[in-house]
Amino acid sequence: MKIHFKIPYYTYWGQRLLVSGNITELGNGELTKALALNYQSPEDWYAEIEVNRPEKIEFSYKYILLNEQTGKAVEEWGNDRKISIDANSLEHLFCVDVWNSAGSVDNVFLSTPFQEVLLNTDNLTEATKKASKFTHTFKVKMPLLKSNEAICLVGDCDALGNWTTHNPVILNRATDNWWTADVDLSKASNEVHYKYGIYDPEDKQFRYFESGPDRIAPIIKSKKTQVQLSDGFVNISNNSWKGAGVGLPVFSIRTKKSFGVGDFVDMKLFIDWAEKVGLKLIQVLPLNDTIGTHTDADVLPYAAISAFALNPLFLNLPAMGKLPATNELQKEYKARQAELNAADLVPFMEVINFKLHYAKELYLTQKDKFFQNKDFKKFFSDNEYWLVPYAVYCVLRDMYGTSDYRQWKEYARYDETKIAAFLSPDQAHFDDVAVNYFIQYHLHIQLSEAAAYAHEHGVVLKGDIPIGVNRNSVDTWVSPELFHMHMQAGAPPDMFAVKGQNWELPTYNWEVMERTGFDWWKKRFAQMSNYFDTFRIDHILGFFRIWQIPANQVEGIMGHLNPSTPIHINEFAEKGLWFDYNRFCKPYITDAILWDFFGEEAAWVKTNCLQIEDGWILRLKVPYQSQLAVEKMFEDGKISERIKWGLFDLISNVMFFEKEGSNGMLFYPRFGMESLRTYRDLDNYTKDRLRELYVDYFYRRQDSNWYQSGMEKLPALKRATNMLICGEDLGMMTPCVTAVMKELGILSLEVQRAPKSNKIEFFHPADAPYLSVVTPSTHDMSTIRGWWEEDRGVTQRFYNSQLGHWGEAPYFCDWWICRDIVLQHLYSPAMWSIFQMQDLLSISDDVRRTNPHEERINVPSNSKFSWRYRLHINMEDLLDKDDFNNELRNFIKQSGR
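Residues numbered from 1 in each chain as written. Predicted model: local features only at pLDDT ≥ 70, side-chain atom pairs only at ≥ 80, totals over all residues. Heavy atoms only, no water.

Participant: Is there a simple way to explain the pairing of strand 5 (residues 44-50) in this structure?
Facilitator: Each regular strand carries side chains that alternate between the two faces of the sheet. Counting buried residues along strand 5, 5 of its 7 residues qualify, which places the element largely inside the surrounding structure. As paired strands, strand 1 (residues 2-7) and strand 5 are joined by 6 bridges and run antiparallel to one another. Its bridge partner lying in strand 5, lysine 6 is registered against tyrosine 46. Inspection of the sheet shows strand 4 (residues 38-41) paired to strand 5 by 3 bridges, in the antiparallel sense. Counterpart to serine 41 in the pairing with strand 5 is aspartate 44. Connecting strand 4 to the next strand, strand 5, in antiparallel fashion are 2 residues, including glutamate 43 with a positive phi near 65°. (Buried < 20%, exposed > 50% of the residue type's maximum accessible area, 1.4 Å probe, protein only. Helix = DSSP H or I, 4+ residues; strand = E, 2+ residues; numbered from the N terminus. Pairing = 2+ DSSP bridges.)

Structure, rendered in structure tokens:
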């Protein structure tokens, strides 16, 4: 028999369509062997195959857009095109399809949170009796159908009612969210025009038609022929669903039973509260293990030592089990719980040390039974690929007293043979290894139970995937080839950090990752999907380009964009400039600058840190030419803090960085060049020409390359999961980022006080696109109340222009101001309005914290001393605040969320 494929698609020169499937005739899923479709007319592609099978023909297929000039291919979204027919009953099957775009809004509603929690998928149907004889199969989807709705079919022939709606064809609910109907159109003489509509099976009433032009079904007068029309989605408004959520780090949850920090069991009370006030989503910060040094530095949630292991900080000890009554730790638990839980901030070290000690003692009492546990055996089997290296890492870290695995002697390089020997149960340290299995298993159980509890209460969980991993992590130890260990990821200067940010995380080697089919990322997403329905990609711009800082520098300002097209030396000549390498690429130092940077210590710096070149030019001596070397001198007590910061400023007082390995031909402009002393001392002509190069580099020449960079990574990663993906797209935004996110259906983040355009001061929630998350603040910002007091001029303009109030703005952010801001976001057209918990509490004088400056979670320029915020109220007490809870619930309900 012959199978014919036909699809409308508008292509540009150099593009063509392919169809790929899991049978030999369609290439068995290999792109190079896929069937090429033939161009017939504008927006019309066609191909056919002949299939010889003795009985049943079953296969799946999808369409691919190929750019023949670049070799890049884009697959349509989904894996639900399936054929199952009797080979002896037909001679021809025509598959008339429409392209399924990943960016289609309807596809968002087929993601995990909507299909498994938020939408009622048990629609009532009284489908038209299935025809014993039929020529056409109609297939369509509509994920936002209500419980009392079904899809129907009406058209311009007798079989479809001749456009009357009294007795429409009712479709059946099939698999993979398809609705189908088999119809006999053998009596139709010409092509059939039709539309889908919505039908109420209870009242047996037709409700309304879909919008848009008529659909057309071809009529093929041939025996043993069927036509299958896969029509995509019903053309009905798909931006009506809206939800509200709350963001709070797990460690910030406070209950009466907390052990100085929120844990996975505490999440259940938080879920109860969310359900009570009508919130449908809870967003948390990363939950991975960060214990690398056994110091307060381990508090950073974005510097995980494993992309897979969960943080023992979130263990609920009673849920793990009780120690014998005679055990000192069990006796100590109650007193320590009361003491630690009274703390205003998370007492990180005290909590984590007690929990690790308790878990080790409990493991020793339970280990014999534990290793026979069937659930543990399955957990170990499913997670062995990361669990074993992680457990060994933890032991070696403590054995050598450092997480820097380069100092682990024979274990400095990960070797599976050596690790297998290290893991032997005969080794004296076996229990030290196995206790990590024990801890991770209990963390898995507790978080899984919290996720299941959330689903039972109609709440979805939103996780957070950090852009990087710790330099001294399990991941870099096991797979160093996946990372650029000589570079550091960060961010250029912005409103949060005037000197940029250095996250001290290695950057990704995307070329190697792509050759592995992004296996590490796919496993990471699979691990997250065990617990989360949706997730936020931290710094999604990093998938297009990353702010990359050399390992010998400290401040983010010393970085450059990678990948990016640098400035060629010839471009300076084209601007009429003589390229002065020493002036442009080396620190510019004068006596006036020394005095401004160092004051009375300028003379000491000039004598000890500088040398004279070419008779009069001041240059840094070799030991002072990198910020990392200067930082080490400060730590060793050789220089003062003022000299350290002054030397940092001298080192960064350059206009261009030479591209490594370019032999003096390629250069990156330093971000914020116009603010530098070295720039300001130039003549106006040179300034203007350099500014032109600077603007071209940062805002013009990169966009097409970054578009390709994003499209090489994000489509493959999106296909690896059905979780709803949200991007944190703040920072130096370019049009390509917005275009790719829209093309892939990735939700953007819109923050009222951080607009993506430099032409406006504030972003209004009413201007948000539907596929977005709106929020008044994030964990990296002050809360509404804290921000209100930071800059009187800014809040006055906000009060008048954004809130629409006349007169002078109140000095303090009163509850009604917070209420107005929250309501603005609730009534936004965005799919999701998500608020920091502190901002929701701020609408009530009864529940808000007294001091708003105690509510901030993180200060990006001082991250090592952040991440300890705790709620000031127990969840049990908040659940009893009926007036506040009812008011908030009414606000959310009235907004349609």
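Now that the structure has been shown, we can carry on.
Participant: Would you mind going over the packing of aromatic side chains with me for this structure?
Facilitator: Here a ring pair, both rings aromatic, is described through the centre-centre distance and the interplanar angle of the planes. Counted according to the given criterion, the structure contains 78 aromatic pairs. Residues tyrosine 61 and tyrosine 63 carry aromatic rings whose centres are separated by 5.9 Å and whose planes lie at 85° to one another, so their mutual orientation is edge-to-face. The burial state of tyrosine 61 is the same as that of tyrosine 63; both residues are buried. Through a chain of ring-to-ring contacts, the aromatic side chains of Tyr363, Phe370, Phe371, Phe376, Phe379, Phe380, Phe430, Tyr437, Phe438 and Tyr441 assemble into a single cluster. (Phe/Tyr/Trp six-rings, centres within 6.5 Å; stacked < 30°, edge-to-face > 60°.)

Participant: When you look at the sheet that holds strand 30 (residues 656-658) in this model, what are you seeing that I'm missing?
Facilitator: Hydrogen bonds between backbone groups are what pair the strands of a sheet, and the pairing can be parallel or antiparallel. Strand order across the open sheet formed by 3 strands is 27-31-30, with antiparallel pairing between neighbours. Pairing within the sheet leaves two strands with one partner each, and these edge strands are strand 27 (567-568) and strand 30. The pairing of strand 27 with strand 31 (residues 666-669) spans 2 bridges and is antiparallel. Along strand 31, the bridge assignment pairs isoleucine 567 with phenylalanine 667.

Participant: Honestly, the packing of helix 3 (residues 267-277) against helix 9 (residues 430-456) in this entry has me stumped. Any pointers?
Facilitator: Helix packing for two helices is described by the angle between their axes and how far apart those axes are. It is the contact of helix 3 with helix 9, at a shortest axis distance of 9 Å, that shows an interaxial angle of 15°. With respect to helix 9, the element helix 3 is oriented roughly parallel. Crossing geometry of helix 3 relative to helix 9 is assigned as right-handed. Each of Met267, Lys268, Ile271 and Asp272 in helix 3 lies in contact with helix 9, whose residues at this interface are Leu447, Glu449, Ala450, Tyr453 and Ala454. (Axes fitted to C-alpha atoms, helices over the stretch in contact; angles between N-to-C directions. Parallel < 35°, antiparallel > 145°, perpendicular 65-115°, else oblique. Left-handed = near helix turned anticlockwise from the far one by under 90°. Contact = heavy atoms within 4.5 Å.)

Participant: Please clarify how the pattern of salt bridges should be interpreted in this entry.
Facilitator: Pairing is possible between side chains that carry opposite charge, provided their charged atoms lie close to one another. Within this structure, the stated rule accounts for 54 salt bridges. A salt bridge links lysine 6 to aspartate 44, with the shortest nitrogen-to-oxygen separation between them at 3.0 Å. Here the residue lysine 6 occupies a position in strand 1, and aspartate 44 occupies one in strand 5, the gap between them amounting to 38 residues. Given a relative accessible area of 33%, lysine 6 falls into the partly exposed group. Arginine 849 is the salt-bridge partner of glutamate 854, the closest N and O atoms lying 3.3 Å from each other. (Salt bridge = Lys/Arg side-chain N within 4 Å of Asp/Glu carboxyl O.)

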